[in-house]
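Close look at the chain arrangement
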Amino acid sequence: MGYSAKQKKVKVAIDGADKIVKKLKEMDEAAGDVLMKAAMEGGKIVLEEAKRNCPVDTGTLRNSLKLTKDKQTKKKATVKIDFDKSLKYGTHVELGTKNHSAQPFLRGSVDENQSEINVEITDTVSDAVGGKM
């Protein structure tokens, strides 16, 4: 049985926040900056959790974990939390091999913090457009 290392995407919908959504639409291109700020704030939660969950031998893998901006439009912003790809063993730690059990530290960091990530993103967007829900 194999395991696919697909990216975990977090989508946050701000339900019942018509005022906020309207303000974002009015901001046009600047809305992308608000969304990126919110995505980065949510990403910080995942990054810190991944660092806590990362198995440590020398600390190199944990210390290589980074949060970076990925893509941004006026309707969507994405960020990435990843390790230095020159560390070929990072994927083997996360997913395991036939000789070593998986020690996942990235995927669970998103799954286990979904509610906190959603709140952080929603609060950041709400604060940026001047409307608290």
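Predicted model, so just to flag it, every value in this text is computed and none were measured.

**Some words on the environment of Glu116**
Examined against the element boundaries, Glu116 turns out to sit in helix 6 (residues 114-129). For Glu116 and Val46, which are 70 residues apart along the polypeptide, the C-alpha to C-alpha distance reads 9.7 Å.

**Points about the confidence of the model for the chain**
Taken residue by residue, the chain gives an average pLDDT of 83. The fraction at 70 or more is 77%. Helix 3 (residues 60-64) holds the highest mean pLDDT among the elements of the chain, 96, whereas helix 1 (residues 18-27) holds the lowest, 67. Here residues 1-5 scores under 50 on pLDDT; set against residues more than four positions off or in separate chains, the count is 3 contacts.

**Re the side chain of Asn113**
Secondary-structure assignment places Asn113 in the loop between helix 5 (107-111) and helix 6. The exposure class of Asn113 is buried, given its relative accessible area of 10%. Side-chain polar atoms of Asn113 contact the backbone oxygen of Ser109, separated by 2.9 Å.

**A closer look at the pattern of salt bridges**
Two side chains with opposite charge may pair up if their charged atoms get near one another. What the rule picks out here adds up to 4 salt bridges. With its nearest N and O atoms 2.8 Å apart, the salt bridge here joins Arg52 to Glu49. Of the two residues, Arg52 and Glu49 are both situated in helix 2 (residues 30-53); the distance of 3 residues between them amounts to about one turn of the helix. Of the residues examined, Arg52 reaches a relative accessible area of 59% and is grouped as exposed.

**Re the environment of Ala31**
Here Ala31 shows up in helix 2. Sequence separation between Ala31 and Lys75 is 44 residues; the distance between their C-alpha atoms is 7.1 Å. With sequence-adjacent residues up to four places away left out, Ala31 is seen in contact with Leu24 and Lys74.

**Brief notes about the packing of helix 2 against helix 6**
Following both chains from N to C, one finds helix 2 and helix 6 inclined at 150°, their axes separated by 8 Å at the closest point. Taken together, the axes of helix 2 and helix 6 are roughly antiparallel relative to one another. Helix-helix and strand crossings are classified by hand; for helix 2 and helix 6 the assignment is right-handed. Residues Val34, Leu35, Lys37, Ala38, Glu41, Gly42, Ile45 and Val46 of helix 2 touch helix 6, and the partners they reach there are Glu116, Ile117, Glu120, Ile121, Thr124, Val125 and Ala128.

**Some details on the nonpolar core**
Judged by nonpolar contacts, the single largest core of 27 residues is most densely connected at Leu24, Leu61, Leu65, Phe83, Phe105, Leu106 and Val125. Those elements that provide at least two residues to this core are helix 2 and helix 6. Here this core gets 11 residues from one element, more than from any other, and that element is helix 2. Apart from residues lying up to four places away in sequence, Leu24 is in contact with Ala31, Val34, Leu35, Val125 and Val129.

Reading the values: rules and limits
- Residues numbered from 1 in each chain as written.
- Predicted model: local features only at pLDDT ≥ 70, side-chain atom pairs only at ≥ 80, totals over all residues.
- Heavy atoms only, no water.
- Helix = DSSP H or I, 4+ residues; strand = E, 2+ residues; numbered from the N terminus.
- pLDDT = per-residue confidence, 0-100.
- Contact = heavy atoms within 4.5 Å.
- Buried < 20%, exposed > 50% of the residue type's maximum accessible area, 1.4 Å probe, protein only.
- Polar contact = N/O pair within 3.5 Å; in protein donor to acceptor, adjacent residues only side chain to side chain.
- Salt bridge = Lys/Arg side-chain N within 4 Å of Asp/Glu carboxyl O.
- Axes fitted to C-alpha atoms, helices over the stretch in contact; angles between N-to-C directions.
- Parallel < 35°, antiparallel > 145°, perpendicular 65-115°, else oblique.
- Left-handed = near helix turned anticlockwise from the far one by under 90°.
- Core = buried A, V, L, I, M, F, W, Y, C linked by side-chain atoms within 4.5 Å.

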